[in-house]
Amino acid sequence: MKELIAVTGPTASGKTALAVRIARQTDGEIISADSRQVYRRMDIGTGKDLDEYGDIPYHLIDICEPGTKYNLHRFLKDFHTALSDIRSRGKQPILCGGTGLYLENALSGVRLPDVPENTELRKRLEPLSLPELTEILSGYKTLHNTTDVDSCKRAIRAIEIEEFYRLHPEAASSASRAEAQPVPHSLYLIDISRELRRQRISERLEARLKAGMTDEIKGLLEEGIPAEDLIYYGLEYKYVTLYLTGALSYEEMKSRLEIEIHKFAKRQMTWFRGMERRGFTFSKVKFEEIGDFTI
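Residues numbered from 1 in each chain as written. Predicted model: local features only at pLDDT ≥ 70, side-chain atom pairs only at ≥ 80, totals over all residues. Heavy atoms only, no water.

A. Here's a closer look at the packing of aromatic side chains. Applying the stated criterion across every chain, the model contains 10 aromatic pairs. Measuring from centroid to centroid gives 4.4 Å for Phe75 and Tyr102, while their planes differ by 10°, and the two rings are stacked. Taken together, the residues span a long stretch of sequence, with Phe75 in helix α2 (residues 72–88) and Tyr102 in helix α3 (residues 100–108) at a distance of 27 residues. We note that Phe75, like Tyr102, is buried. Summarising the aromatic geometry, the rings of Tyr188 and Phe293 are spaced 5.5 Å apart at their centres and angled 75° between planes, so their arrangement reads as edge-to-face. Of this pair, Tyr188 sits in strand β5 (residues 185–191) while Phe293 sits in the segment after β6 (283–286), placing them 105 residues apart in sequence. This pair shows no difference in class: Tyr188 is buried, exactly as Phe293 is. Taken together, the ring pairs connect Tyr70, Phe75, Phe79 and Tyr102 into an aromatic cluster. Over the aromatic face of Tyr232 sits the side chain of Lys69, whose NZ or CZ is 4.7 Å from the ring centroid. Positioned above the aromatic ring of Trp271 is the side chain of Arg278, whose terminal nitrogen or guanidinium carbon lies 5.8 Å from the ring centre. (Phe/Tyr/Trp six-rings, centres within 6.5 Å; stacked < 30°, edge-to-face > 60°. Helix = DSSP H or I, 4+ residues; strand = E, 2+ residues; numbered from the N terminus. Buried < 20%, exposed > 50% of the residue type's maximum accessible area, 1.4 Å probe, protein only. Lys NZ or Arg CZ within 6 Å of the ring centre and 35° of its normal.)

B. Structural detail: the sheet that holds strand β4 (residues 92–96). Spatially, six strands are ordered β3-β2-β4-β1-β5-β6 in an open sheet, and the strand pairing comes out parallel. Among the strands making up the open sheet, the edge pair consists of β3 (58–59) and β6. The pairing of strand β2 (residues 28–32) with β3 spans two bridges and is parallel. From the neighbouring strand, Ile30 faces β3, where its bridge partner is Tyr58. (Pairing = 2+ DSSP bridges.)

Written out as structure tokens, the structure reads:
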């Protein structure tokens, strides 16, 4: 069984280029660990760069319709399915992406059980406000992930899952990293200077706007996808939607979006440093050396 190779780094650091280079050297196939590239027709804003793959097969890109809510549970199921498929054909699996939550749980071997709806619990929770639901959820666990409480619907589902784990401790253990069987892997982190990262983010945003990102998102709205669903996806989809719906001027949109992408890259680096503290070992690849990298 071939050991999984994982490639990560902050946004605009060249992850796809490195993963494709490794795939060409190892007869590999790439599994995306990006929380937004799963959506069809969300191409420019998510930076799919499909031309960069060439003839390299890829997985977990363009597998959902916009407006749906892809999540960690679905990702882990899809990841393990793709990993098994690639290995069954004797190919080298390569996990590539910057969504730290997906990457860390995949490498940790976490498997989340299917949690059924609890109708009675939902009836009791539905009349409650979001602050009340947040307080209930905080009684089950420390709220590291604020997306669990960004709406009443998500908070109720999070409580439903935690209550299921309380009643089924065997399921909780399978969802715990402490009880999981880690996936053997080599983990590469692209080392890019803060200054160059900021420059590439700014240049890439300008290029995406010129390439028609605004028209792409306008088309999604015209399809009937609710503005709130696109705003939920964050960054490009949030701020361009706010511009298209009249909440922001073009210059406000562009300025605020650029600031938020820089902040997002900083949060990614914070997550990667946290992974190191939690026992992950990164082999660093300098951005300037991606084109010459040999595994």
